[in-house]
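Report on the structure
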Amino acid sequence: MPSNDILAILESRDGRLTKSAAEVLGQARRMADGLGGSVVALLMTEGAAGAAAPLGALGVGKVHLADGPAFRAYVGDLQGRVAARVARTVDPRVILLAASSQGKDLGPRLAAHLGVGLAVDCTALEITDGTLRATRPVYAGKALETLRIADPPFVASLRPNVFAPAAPAAGAGAAAVEPVETAADEAAVKTVLREVKPREGGKVELTEADVIVSGGRGMKDPANFRHLEELADVLGAAVGASRAVVDAGWRPHAEQVGQTGKTVGPNLYIACGISGAIQHLAGMSTAKCIVAVNKDPEAPIFKVADYGVVGDALEVVPALTAEIRKHQG
Ligand SMILES: Cc1cc2nc3c(=O)[nH]c(=O)nc-3n(C[C@H](O)[C@H](O)[C@H](O)COP(=O)(O)OP(=O)(O)OC[C@H]3O[C@@H](n4cnc5c(N)ncnc54)[C@H](O)[C@@H]3O)c2cc1C
């Protein structure tokens, strides 16, 4: 029989837990409380040692830490092996990870190593009568399906920006840190990491952003995205894009929001020249406040927008940027 513990696989960036990792931890804590188990974390990142023990304050009892040069960047082959080995040692009832780009690669590898099922991109999880009920959106968010998984360990990836992040637990001490010996895994890996090309500096990661300024085909020309970049600069925001402009080569795929792009959940999402197709809404409709700028008063984006401006984005956006600068200055 597996234990009632929850294994939370956490991502960190620059030595700090990502927003989606904090959400994984929050859900792990809630499930562990329900089962009477504890939260065990796994960190696989070079230089994350400083982030391990403080996880105790977020309710983690023990952290398995895979550190070292092999974990400088994500290598699915290696991390899948290490995660599976740690999972066999911990023998948890549930294994949670984020449905981030990394988690979407790691989840299936881990499940395959363990020979168990996987619930992907979940928006709700519940254990009843010993089985896991996992809810996830399908058909670009038009419907929700509920999966039942009967045999533990239950492996589930959590859609970013849906679950409440972990909050500091009163009176909690430091987590115990156990280094993971990974030499055998490193030797077995067939993938060689040659180079990591960092993104251009200063940009805010979309899935972590509090504010997103996003553009679509209504921006008319790739050069006009400079208006969105300027607005993003004054707001400390990330720049997003619709698929139409990514497909046209105006913007990189990393900026695409939607069903086949990223799921974002900022406090503020400013959609400029975006029609609001269902596949775009699938990635951003959980934003707390949506502002739309569109020439067409009938554009579907206005149905989900909290505030709407009917007008030319090429005029409205620079005016908005200038006005915000005035207030900031
Ligand atoms: C399987 C599948 C997956 C998909 N995945 C995604 C996805 O992940 N993300 C995504 O975004 N799409 C996705 N799509 C595509 C989606 O259906 C739409 O085609 C796309 O979102 C449209 O992009 P858009 O709003 O930029 O362009 P359009 O639909 O062409 O809309 C442009 C908008 O700009 C407005 N406009 C024009 N000029 C101006 C101006 N000067 N100022 C202000 N407004 C102006 C127009 O009124 C219009 O509303 C997917 C489609 C499929 C079939």
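A quick note: this is a predicted structure, and the numbers were derived from the prediction, not measured. (Residues numbered from 1 in each chain as written. Predicted model: local features only at pLDDT ≥ 70, side-chain atom pairs only at ≥ 80, totals over all residues.)

Concerning the overall build of the protein
Worth spelling out the cut-off: Going along the chain from the N terminus, every DSSP run of H or I of four or more residues is numbered as a helix, and every run of E of two or more is numbered as a strand. When we talk radius of gyration, it's over C-alpha atoms, and the globule rule is simply 2.2 Å times the number of residues to the 0.38. In this scheme the burial state of a residue depends on its C-beta neighbours within 10 Å: 20 or more other such atoms mean buried, 12 or fewer mean exposed, and anything in between means partly exposed; the C-beta positions come from the backbone. A residue pair is marked as a contact if its C-beta atoms, positioned from the backbone, fall within 7 Å.
Across its full length, the protein holds ten helices and 17 strands. Taken over the C-alpha trace, the protein has a radius of gyration of 21 Å; the compact-globule value for 329 residues is 20 Å, and the two agree within 12%. Dimensions of the protein, computed from the C-alpha atoms along their principal axes, are close to 60 × 45 × 40 Å. Across the 329 residues in the protein, those meeting the buried criterion constitute 45%. Of the contacts made within the protein by residues no fewer than 6 positions apart, 67% connect residues no fewer than 24 positions apart.

Description of helix 10 (residues 313–328)
What counts is decided by this rule: Any helix carries an expected span of 1.5 Å times its number of residues minus one. Comment: arc refers to directions from the helix axis out to C-beta atoms.
Between its terminal C-alpha atoms helix 10 stretches 22 Å, which fits the 22 Å expected from 16 residues at 1.5 Å a residue. Those residues of helix 10 that fall on the buried side of the exposure criterion are A313, V317, L320 and T321. The buried residues of helix 10 occupy one face: seen down the axis, they fall within an arc of 100 degrees. Turned more than 90 degrees away from the buried face of helix 10, the exposed residues are E315, A319, A322, E323 and K326.

Overview of the packing of helix 3 (residues 76–90) against helix 4 (residues 101–114)
Applied cut-off: Axes, fitted as lines to C-alpha atoms, cover a helix only where it is in contact. Angles between the N-to-C directions of the axes lie from 0 to 180 degrees. An angle below 35 degrees is read as roughly parallel, one above 145 as roughly antiparallel, one from 65 to 115 as roughly perpendicular, and any other as oblique. What makes a crossing left-handed is the near helix being turned counterclockwise from the far one by less than a right angle; a clockwise turn instead makes it right-handed. Polarity classes work like this: nonpolar for Ala, Val, Leu, Ile, Met, Phe, Trp, Tyr, Cys and Pro, charged for Asp, Glu, Lys and Arg, and polar for all others, with Gly in that last group.
Where helix 3 contacts helix 4, the axes come no closer than 9 Å and their chain directions differ by 50 degrees. With respect to helix 4, the axis of helix 3 lies oblique. In terms of crossing hand, the pair formed by helix 3 and helix 4 is right-handed. On the side of helix 3, the interface is formed by G76, Q79, G80, R81, A83, A84 and A87, while helix 4 contributes D105, L106, R109, L110, H113 and L114. Residue classes in the contact of helix 3 with helix 4 are distributed as six nonpolar, four polar and three charged.

Some points on the site of the ligand
This is how it is decided: By definition, a residue lies near a molecule or strand provided its backbone-derived C-beta atom is within 6 Å of it.
Contacts to the ligand come from 29 residues, most closely from G216, G218, S242, R243 and G258. Looking at side-chain class alone, the shell around the ligand contains nine nonpolar, 14 polar and six charged residues.

Observations concerning the domain arrangement of the protein
To keep it simple, the criterion reads: Reported domain spans reflect what an automatic or database domain assignment gives.
If you check the domain split of the protein, you get domain 1 (6–188) and domain 2 (206–328). Relative placement of domain 1 and domain 2: their C-alpha centres are 31 Å apart. On the domain 2 side, the residues contacting the eleven residues of domain 1 number eleven residues. Its residues assigned to classes, the side of domain 1 that touches domain 2 comprises three nonpolar, five polar and three charged.

Topic: the sheet that holds strand 13 (residues 211–215)
For clarity, the threshold we go by: We treat two strands as partners when DSSP finds at least two bridges between them.
Ordered by their spatial adjacency, five strands build an open sheet running 14-13-15-16-17, and the pairing between neighbours is parallel. Bordering the open sheet on either side are strand 14 (238–241) and strand 17 (307–310), each of which pairs with just one other strand. For this sheet, the mean inter-axis angle between neighbouring strands, taken without regard to orientation, is 15 degrees. Relative to strand 15 (residues 268–272), strand 13 runs parallel, the two being bridged by five bridges. Following the sheet pairing, I212 is matched in strand 15 by Y269. Helix-sheet contacts for helix 6 (residues 225–235) involve strand 13, strand 14 and strand 15, and the interaxial angle to strand 13 is about 175 degrees. Most of the contacts of helix 10 go to strand 16 (residues 289–294), to which it runs at about 130 degrees, and overall it touches strand 15, strand 16 and strand 17.

Comments concerning helix 4
Taking 1.5 Å of rise per residue, the 14 residues of helix 4 would be expected to cover 20 Å, and the 21 Å separating its terminal C-alpha atoms lies within 8% of that figure. Turning to helix 4, its buried residues number three or more, namely G103, L106, G107, L110 and A111. Projection of helix 4 onto a plane perpendicular to its axis shows the buried side chains occupying an angular sector of 130 degrees, all on one side. Elements that come into contact with the buried residues of helix 4 comprise helix 3, strand 6 (94–98), strand 7 (118–122) and strand 11 (154–158). Once helix 4 ends, the next one or two residues include G115, with phi positive near 70 degrees.

Quick word on the environment of A98
Within the fold, A98 resides in strand 6. A tally of 28 C-beta atoms within 10 Å means that A98 is categorised as buried.

Side note on the pairing of strand 1 (residues 6–10)
Where burial is concerned, most of strand 1 is hidden: five out of the five residues are buried. Two strands pair when backbone bridges link them, and strand 1 and strand 4 (residues 39–44) are joined in this way by five bridges, in the parallel orientation. In the strand pairing of strand 4, I6 is matched with V39.

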